[in-house]
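One-letter residues, chain by chain:
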Amino acid sequence: MESCKFIISLLFIISIIGRGVRAYEIDTYEFLMPNVWPNKDELYLCTPIRIAPKKNFYVVGFKPNASMHTAHHMLLYGCSQPGSNDSVWSCGEMQSNEIDNKYNTASPCKSGSQIVYAWARDAPRLQLPPDVGFLMGNDSPIKYLVLQVHYMHKFPEGKTDNSGVFLEYTTERMPRQAGVILLGTSGVIPANRIEHMETACTINEDKVIHPFAFRPHTHALGTEVSGFVVRRSPTGDIWQLLGSKNPQLPQMFYPVVSRTPITKNDVLAARCVMNNTRSHSVNIGATNNDEMCNFYLMYWVQDDTPLTQKYCFSPGPPYYYWSRAPQNFDRIPDRDFNVL
Ligand SMILES: *[C@@H]1O[C@H](CO)[C@@H](O)[C@H](O)[C@H]1NC(C)=O
Ligand SMILES: *[C@@H]1O[C@H](CO)[C@@H](O)[C@H](O)[C@H]1NC(C)=O
Ligand SMILES: *[C@@H]1O[C@H](CO)[C@@H](O)[C@H](O)[C@H]1NC(C)=O
């Protein structure tokens, strides 16, 4: 009995040490859908919160409150202006043009759109590294957060939903601000072909960015999404893998495989391998019949603001490949990284 108590108190102490000592207080905000009724299958709904404009908040963790039996995915957008002034609206990436009689249709953000969090398939809580937070409010372009939930099915009459995310935040200044840059392409995938969709951007801002997580996104044809940092040197380019994933697995944020800091004149690059098994060509676009090639990179900066560059897009195939890029790359990785 005594030894049992001892083990329990020992476990308690270990769990306290394991959690680390935070010198600041963390509050939780329950950002949930306000009892919505998904009135058809495959519906995307958005709901906003306005961040108190005169204060600074640092979001340090995201605790999902949803089930994969209800929702395909949830995305959290930071916006300067929300896409609508309604409390709930229909906001599909894959929009059909049909008129919805219950919800108005708009994009998640009207301006200043950036993704800060993504959840799918019962993914666990995402905690940012120590001293890292997404700055929102007074000193940030993020004035609103918009929660997007992609529902699977129409709900039965009278049954409503409040899926969402518990935001863990502090008003204490975090020395490391989090940011996200989205790499992607436009382009066309020919019928019955494997195509590589590639993009690359030289970092021109004088900042040191520390990558820690990435997220792949395609629709049905993607088989692999990979991101790299290209270090230029007189003896040749070094392509350092940031992460690679099969986008048919849950499209959440995964830890990067290399956390080496990225500095000015390094190049961020991403490639999607697409397997077009259809007998017609497929375009990049917003609907379910189109494709997407996206690689999100989440990073932090020390005592600095995140990159002003939030996007890195190329025209994609047949116009753009790494082999034709203005950076004149060498040692381009020619194999596909099936890292999973
Ligand atoms: C989310 O949390 C609320 C209250 O905190 C709870 O009532 C609700 O059932 C939860 N929803 C899901 C899908 O877990
Ligand atoms: C919401 O209302 C504000 C103030 O009336 C207006 O400036 C803004 O354009 C509206 N947003 C949308 C998406 O209509
Ligand atoms: C492309 O898809 C087809 C049909 O599913 C499959 O047989 C083939 O192995 C795939 N190729 C690659 C490279 O993934």
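Predicted model, so just to flag it, every value in this text is computed and none were measured.

J.: Lay out the overall build of the protein in plain terms, naming residues and giving numbers.
T.: Along the protein, the regular secondary structure elements total 1 helix and 23 strands. Intrachain contacts of the protein at a sequence separation of at least 6 include 85% that bridge at least 24 residues. For the protein, the exposed area adds up to about 16400 Å²; of that, 52% sits on carbon and sulfur atoms.

J.: Break down the sheet that holds strand E11 (residues 144-151) for me, with residues and values.
T.: Across a sheet, strands are paired by hydrogen bonds formed along the backbone, either parallel or antiparallel in direction. With antiparallel pairing, 5 strands are arranged side by side in an open sheet as E6-E2-E11-E4-E8. The open sheet has two edge strands with one neighbour each: strand E6 (89-90) and strand E8 (114-120). Pairing of strand E2 (residues 44-50) with E11 involves 7 bridges; the strand directions are antiparallel. By the bridge assignment, Ile49 is partnered in E11 with Leu145.

J.: Lay out the site of ligand 2 in plain terms, naming residues and giving numbers.
T.: Within the structure, ligand 2 sits among Gly83, Ser84, Asn85 and Lys110. Between an oxygen atom of ligand 2 and a side-chain N or O atom of Asn85, the distance comes to 2.3 Å. Relative to its unbound accessible surface of 360 Å², ligand 2 loses 39% to contact with the protein. Residues that form the shell around ligand 2 fall into these classes: no nonpolar, 3 polar and 1 charged.

J.: Which residues make up the packing of aromatic side chains, and what values do they have?
T.: One pass over the structure, following the stated rule, counts 13 aromatic pairs. A connected cluster of aromatic rings, assembled from ring pairs, spans Phe228, Trp239, Trp322 and Phe329. One cation-aromatic arrangement involves Arg176 over Trp300; the distance from NZ or CZ to the ring centre is 3.8 Å. Between the NZ or CZ atom of Lys245 and the centre of the ring of Tyr254, over which it lies, the distance is 4.1 Å.

J.: Outline the state of the cysteines, supporting the account with residue identities and numerical values.
T.: One pass over the structure, following the stated rule, counts 4 disulfides. With a sulfur-sulfur separation of 2.1 Å, Cys201 is cross-linked through a disulfide to Cys312. Here the S-S torsion is close to 100 degrees, and the disulfide linking Cys201 with Cys312 is therefore right-handed. Of the two residues, Cys201 is situated in strand E15 (residues 193-202) and Cys312 in strand E23 (residues 311-314); the sequence distance between them amounts to 111 residues. When the cysteines engaged in disulfides are numbered in sequence order, the protein pairs them as 1-3, 2-4, 5-8, 6-7.

J.: Explain the site of ligand 1 to me, and be specific about the residues and the numbers.
T.: Ligand 1 sits among Glu30, Asn65, Ala66, Asn162 and Phe166. In this structure, Glu30 approaches ligand 1 through a side-chain N or O atom, which is 3.1 Å from an oxygen atom. At 2.5 Å from an oxygen atom of ligand 1 is found a side-chain nitrogen or oxygen belonging to Asn65. In the complex, the protein chains occlude 51% of the 370 Å² of accessible area that ligand 1 would expose alone. Looking at side-chain class alone, the shell around ligand 1 contains 2 nonpolar, 2 polar and 1 charged residues.

J.: Help me get a handle on the confidence of the model for the protein, residues and values and all.
T.: Note that predicted coordinates carrying low pLDDT should not be read in detail. For the protein, per-residue confidence averages 89 on the pLDDT scale, and 89% of positions sit at 70 or higher. Low confidence marks residues 1-19, where pLDDT is under 50. Its contacts with residues over four positions away, or in another chain, come to 0 contacts.

J.: Explain the sheet that holds strand E17 (residues 222-231) to me, using residue names and the numbers behind them.
T.: Strands sit in the order E15-E20-E17-E18 across an open sheet of 4 strands; the sheet is antiparallel. For this open sheet the edge positions go to E15 and strand E18 (238-245), each flanked by a neighbour on one side alone. Pairwise comparison of adjacent strand axes, ignoring direction, gives a mean angle of 20 degrees for this sheet. Relative to E18, E17 runs antiparallel, the two sharing 7 bridges. From the neighbouring strand, Ser226 faces E18, where its bridge partner is Ser244.

Cut-offs used in this document
Residues numbered from 1 in each chain as written. Chains lettered and ligands numbered in written order. Predicted model: local features only at pLDDT ≥ 70, side-chain atom pairs only at ≥ 80, totals over all residues. Heavy atoms only, no water. Helix = DSSP H or I, 4+ residues; strand = E, 2+ residues; numbered from the N terminus. Contact = heavy atoms within 4.5 Å. Areas by Shrake-Rupley, 256 points an atom, 1.4 Å probe, with all protein chains shown as cover. Pairing = 2+ DSSP bridges. Near = heavy atom within 4 Å. Polar contact = N/O pair within 3.5 Å; in protein donor to acceptor, adjacent residues only side chain to side chain. Nonpolar A, V, L, I, M, F, W, Y, C, P; charged D, E, K, R; others polar. Phe/Tyr/Trp six-rings, centres within 6.5 Å; stacked < 30°, edge-to-face > 60°. Lys NZ or Arg CZ within 6 Å of the ring centre and 35° of its normal. Disulfide = S-S within 2.5 Å. pLDDT = per-residue confidence, 0-100. Axes fitted to C-alpha atoms, helices over the stretch in contact; angles between N-to-C directions.

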